[in-house]
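Overview (structure and organization)
Okay, here's what each chain looks like letter by letter:
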Amino acid sequence: MVHVTRDLLTVLLDHAAEREPSTVSIQLTATPAGEFESALDLDPETPVLTHFTLPDVGGSVNAVFGVDLGTPAGRGRARFVSHPDGSPELTKTDDLAGVVLVAIPPWEPSDVVAYDRAGTRIDLAIVDAAPPEETVPE
């Protein structure tokens, strides 16, 4: 089972709707359930998808040097992709990750299907909680 915050899923679906008929592919990162301020009914080590990295971050450096600066170190093992054609199936052209969320129109949470790296459907659980607040050290 994969867990995702409702807020993250809402932002991803809004982005997919705005980009339609183009597809989107967005890298996702997780926060352990134990780091949330509100208690979740999950094992503290359970990863919950909470953040995304904009697709174009670090694109110029990657194009020239082949270095992906858009992915935080040790993160980004999940991906959100949109299929405006309406097919919820994982395709060979989707950028596979440990977990892939595939969304189709009309871009509602019920229109999202989760897959593991092998292409097997897995359950998707939506978590109604905000991730811990992050700050930049001074």
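As the structure is a prediction and not an experimental result, all values here were calculated from the model.

**Regarding a negative patch on the surface**
A surface patch of negative charge is lined by E35, D43, E45 and E134. Along the polypeptide, E35 turns up in the loop between β2 (25-32) and β3 (47-53). Judged by relative accessible area, E35 falls into the partly exposed class, the value being 48%.

**A closer look at the side chain of T31**
Position of T31 among the secondary structure elements: in strand β2. The exposure class of T31 is buried, given its relative accessible area of 4%. At 2.8 Å, the side chain of T31 and the side chain of T50 are in polar contact.

**Some remarks on the confidence of the model for the chain**
Confidence along the chain averages 86 in pLDDT terms, with 84% of residues attaining 70 or more. Here residues 66-76 scores under 50 on pLDDT; set against residues more than four positions off or in separate chains, the count is 21 contacts.

Criteria and cut-off values
- Residues numbered from 1 in each chain as written.
- Predicted model: local features only at pLDDT ≥ 70, side-chain atom pairs only at ≥ 80, totals over all residues.
- Heavy atoms only, no water.
- Patch = residues over 30% accessible without salt bridge, like charges linked within 9 Å, V, L, I, M, F, W, Y side chains within 5 Å.
- Areas by Shrake-Rupley, 256 points an atom, 1.4 Å probe, with all protein chains shown as cover.
- Salt bridge = Lys/Arg side-chain N within 4 Å of Asp/Glu carboxyl O.
- Lys, Arg positive; Asp, Glu negative; His and termini not counted.
- Charge placed at Lys NZ, Arg CZ, Asp CG, Glu CD.
- Helix = DSSP H or I, 4+ residues; strand = E, 2+ residues; numbered from the N terminus.
- Buried < 20%, exposed > 50% of the residue type's maximum accessible area, 1.4 Å probe, protein only.
- Polar contact = N/O pair within 3.5 Å; in protein donor to acceptor, adjacent residues only side chain to side chain.
- pLDDT = per-residue confidence, 0-100.
- Contact = heavy atoms within 4.5 Å.

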